[in-house]
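Residue-level structural notes
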Amino acid sequence: MTNLEKYTNVFVESFGITAEQTTGLAYQGIEAWDSVGHMTLVAAIEDTFGIMMDTDDIIDLSSFEKGKEILAKYNVEF
């Protein structure tokens, strides 16, 4: 499984959406991505990629696309 597939799957499983729905997805763009859902998502991303995200990065994670930019800081390549 590629890193993009893993990353997409984290959103799919965390929010109960389809892979197609991740494109353009933004924080609070769906009911499941509220503050609690955000922390669930962050924990799943950290577990999936074996990283610990900085607080600033957790706050900056505002969309599916922004998350890919943030993960690049942690040497996760897409």
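See the structure shown above.
Overview of the structure. This is a predicted model, so every value here is computed, not measured.

About the cut-offs
- Residues numbered from 1 in each chain as written.
- Predicted model: local features only at pLDDT ≥ 70, side-chain atom pairs only at ≥ 80, totals over all residues.
- Heavy atoms only, no water.
- Helix = DSSP H or I, 4+ residues; strand = E, 2+ residues; numbered from the N terminus.
- Rg over C-alpha atoms; globule rule 2.2 N^0.38 Å.
- Contact = heavy atoms within 4.5 Å.
- Polar contact = N/O pair within 3.5 Å; in protein donor to acceptor, adjacent residues only side chain to side chain.
- Salt bridge = Lys/Arg side-chain N within 4 Å of Asp/Glu carboxyl O.
- Buried < 20%, exposed > 50% of the residue type's maximum accessible area, 1.4 Å probe, protein only.
- Axes fitted to C-alpha atoms, helices over the stretch in contact; angles between N-to-C directions.
- Left-handed = near helix turned anticlockwise from the far one by under 90°.
- Nonpolar A, V, L, I, M, F, W, Y, C, P; charged D, E, K, R; others polar.

Along the protein chain, the regular secondary structure elements total four helices and zero strands. When the helices and strands of the protein chain are read in sequence order from the N terminus, they spell out α-α-α-α. Rg of the C-alpha trace for the protein chain: 11 Å, near the compact-globule value of 12 Å for 78 residues, within the 12% margin. Reported as C-alpha extents along the three principal axes, the dimensions of the protein chain are approximately 30 × 30 × 20 Å. For the protein chain, the proportion of contacts with a sequence separation of at least 24, taken over those separated by at least 6, is 46%.

Examined against the element boundaries, tryptophan 33 turns out to sit in the loop between helix 1 (3–15) and helix 2 (35–49). Filtering out sequence-adjacent residues up to four positions away, tryptophan 33 remains in contact with Phe11, Phe15, Leu25, Ala26, Tyr27, Gln28, His38, Leu41, Leu61, Ser62, Ser63 and Phe64. Separated by 3.0 Å, the side chains of tryptophan 33 and histidine 38 make a polar contact.

It is worth spelling out the pattern of salt bridges at this point. It is possible for side chains bearing opposite charge to pair when their charged atoms get close. Applying the stated criterion to the full structure yields two salt bridges. In this structure, the salt-bridge partner of lysine 73 is aspartate 57, at a minimum N-O distance of 2.7 Å. Placement of lysine 73 in the segment after helix 4 (64–72) and of aspartate 57 in helix 3 (residues 55–60) is noted, with a sequence separation of 16 residues between them. Among the salt bridges present, the one from glutamate 69 reaches lysine 66, with a minimum N-O distance of 3.6 Å. Placement of the pair is glutamate 69 and lysine 66 together in helix 4, with a separation of three residues, close to one helical turn. We classify lysine 66 as partly exposed; its relative accessible area is 29%.

With that settled, the discussion passes to the packing of helix 1 against helix 2. Where helix 1 contacts helix 2, the two axes come as close as 10 Å, and the packing angle between them is 150 degrees. Viewed along their axes, helix 1 and helix 2 form a crossing whose handedness is right-handed. Where helix 1 approaches helix 2, its residues Asn3, Lys6, Tyr7, Val10, Phe11, Ser14 and Phe15 are matched on the opposing element by Gly37, Thr40, Leu41, Ala44, Ile45, Thr48 and Phe49. Here the contact of helix 1 with helix 2 is composed, by residue class, of eight nonpolar, five polar and one charged.

What is shown is where atoms sit, not what they do.
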